[in-house]
Amino acid sequence: MRFRMSVAVASVVAAIVAALPGSASAATGGSGHGAWEPAPQEAFEMPAGARCDFAVRVEPIVDEVRKLTLATYPDGSPKRELFTGALIDRVTNLETGATSTADASGTALVVYGTDGSMTWYVTGPVLLGFRENAGSLPKGLWIVDGQFTVEFTPTFDKTITMLHGTTHNVCTDVD
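Every chain begins its residue count from 1, and numbering advances along the sequence as written. pLDDT decides what is reported in this predicted model: residues at 70 or higher carry local features, side-chain atom pairs at 80 or more are listed and counted, and totals for whole chains, interfaces and linings draw on all residues regardless. Computation of side-chain values: all heavy atoms of the structure, hydrogens and water removed.

## What to know about the overall build of the protein
Comment: elements are numbered from the N terminus, with helices defined as DSSP H or I runs of at least four residues and strands as E runs of at least two. A count of helical and extended segments in the protein gives two helices and 12 strands. For the protein, the sequential pattern of α-helices and β-strands runs α-α-β-β-β-β-β-β-β-β-β-β-β-β. Each residue is placed in one exposure class: buried if its accessible area under a 1.4 Å probe, protein chains only, is under 20% of its type's maximum, exposed if it is over 50%, and partly exposed if it falls in between. Residues counted as buried form 43% of the 175 residues belonging to the protein. Whether two residues are in contact is decided by their heavy atoms, any of which lying within 4.5 Å being enough. Within the protein, contacts between residues at least 6 apart in sequence are counted, and of these 52% link residues at least 24 apart. When the accessible surface of the protein is summed, it comes to about 8900 Å², and 55% of that surface belongs to carbon and sulfur atoms. Note that accessible areas follow from Shrake-Rupley with a 1.4 Å probe, and for residues the cover is restricted to the protein chains shown.

Okay, structure coming up:
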């Protein structure tokens, strides 16, 4: 399993390097599917108990995320996209006003299934929310950092497979 994961991560790194500015495929937008474009994160709020034990707001304070579509399905919907760029979120406990920042500036290759599932191949930190009993981490807002995959079911249950890295529940920072 570890060998297969290493091969998958190596493949992602190769795709990322090929798509970086200055590479041949970046100049053509990567396989002719277009150019890098902004991929902004919208601020959102969750009620008490949904992710944290209290109502929480997550809003980007630095958002330089961009995406590159690497492949599409015949209907034009994305099949594989690469996301990268600085993303710093402010996490606010809406009951106490306590705030914290979360660096979610990772790079991810996202592969979309035709059934609504998707798999992320990630290097670096991302912020992921987990519902109660809906994935491989307990309920919370988690910074997951390192090299890992995240498999999403069509109902957004998540399973993380770590090659190496760390997890941290940001809810504890603003509790």
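What follows continues from the structure just given.
## What about the packing of aromatic side chains?
Classification of ring pairs uses Phe, Tyr and Trp, with its six-membered ring standing for Trp, and accepts pairs whose centres are within 6.5 Å; under 30 degrees between planes counts as stacked, over 60 as edge-to-face, and the remaining range as tilted. Within the structure shown, the criterion is met by one aromatic pair. Taking the centre distance of 4.8 Å and the plane angle of 45° together, the rings of tryptophan 120 and phenylalanine 152 count as tilted. Of this pair, tryptophan 120 sits in strand β9 (residues 118-123) while phenylalanine 152 is found in strand β11 (residues 140-152), placing the two residues 32 residues apart along the sequence. Here, a charge over a ring means that NZ of Lys or CZ of Arg falls within 6 Å of the ring centre while also lying within 35 degrees of the ring normal. It is arginine 66 that lies over the ring of tryptophan 36; its NZ or CZ is 4.4 Å from the centre. Here the basic side chain of lysine 158 rests over the ring of phenylalanine 130, its NZ or CZ set 5.2 Å away from the ring centre.

## Details of the confidence of the model for the protein
What pLDDT reports is the predictor's confidence in each residue, on a scale of 0 through 100. With 81% of its residues at a pLDDT of 70 or more, the protein shows a mean pLDDT of 87. Counting contacts from residues 1-32, a segment whose pLDDT is below 50, to residues more than four positions away or on other chains yields 38 contacts.

## Structural notes on the pattern of salt bridges
A pair is scored as a salt bridge if a Lys or Arg side-chain nitrogen falls within 4 Å of a carboxyl oxygen belonging to Asp or Glu. What the rule picks out here adds up to six salt bridges. With a closest N to O distance of 2.6 Å, arginine 131 and aspartate 157 form a salt bridge. Of this pair, arginine 131 sits in the loop between β10 (126-130) and β11 while aspartate 157 sits in the loop between β11 and β12 (158-169); the two residues are 26 residues apart in sequence, bridging distant segments of the chain. Judged by its relative accessible area of 30%, arginine 131 is partly exposed. The structure contains a network of salt bridges with shared partners spanning Glu45, Arg57, Glu59 and Arg90.

## Considering the side chain of lysine 158
Turning to its location among the elements, lysine 158 is positioned in strand β12. The charge count treats Lys and Arg as positive and Asp and Glu as negative. His and the chain ends do not count. Aspartate 157 provides the closest opposite charge to the buried, salt-bridge-free lysine 158, at an N-O distance of 7.0 Å. Discounting chain neighbours no more than four positions away, the residues touching lysine 158 are Leu128, Gly129, Phe130, Ala134, Gly135, Ser136, Val150, Glu151 and Phe152.

## Quick notes on the pairing of strand β5 (residues 78-84)
Bridge count between strand β4 (residues 66-72) and β5: six bridges; the pairing is antiparallel. In the sheet register, alanine 71 faces β5, and the bridge partner there is arginine 80. By the convention used here, strands pair only if DSSP detects at least 2 bridges between them. Sheet topology places β5 next to strand β8 (residues 107-112); four bridges connect them, and they run antiparallel. In the strand pairing of β8, leucine 82 is matched with leucine 109.

## Details of the sheet that holds strand β2 (residues 44-46)
Ordered in space as β2-β3-β6-β7, the four strands form an open sheet in which the pairing is antiparallel. Strand pairing shows two members of the sheet lacking a second neighbour, β2 and β7 (99-103), which therefore form its edges. Neighbour-to-neighbour, the strand axes of the sheet open up by a mean angle of 25°, direction not taken into account. Axis definition: a line fitted to C-alpha atoms, over the contacting stretch in the case of helices. Angles run 0 to 180 degrees between N-to-C directions.

## Re the side chain of threonine 119
Relative to the elements of secondary structure, threonine 119 occurs in strand β9. Exposure remark for threonine 119: the relative accessible area of 18% places this residue in the buried category. Leaving out residues up to four positions away in the same chain, threonine 119 has contacts with Leu109, Val110, Val111, Val150 and Glu151.

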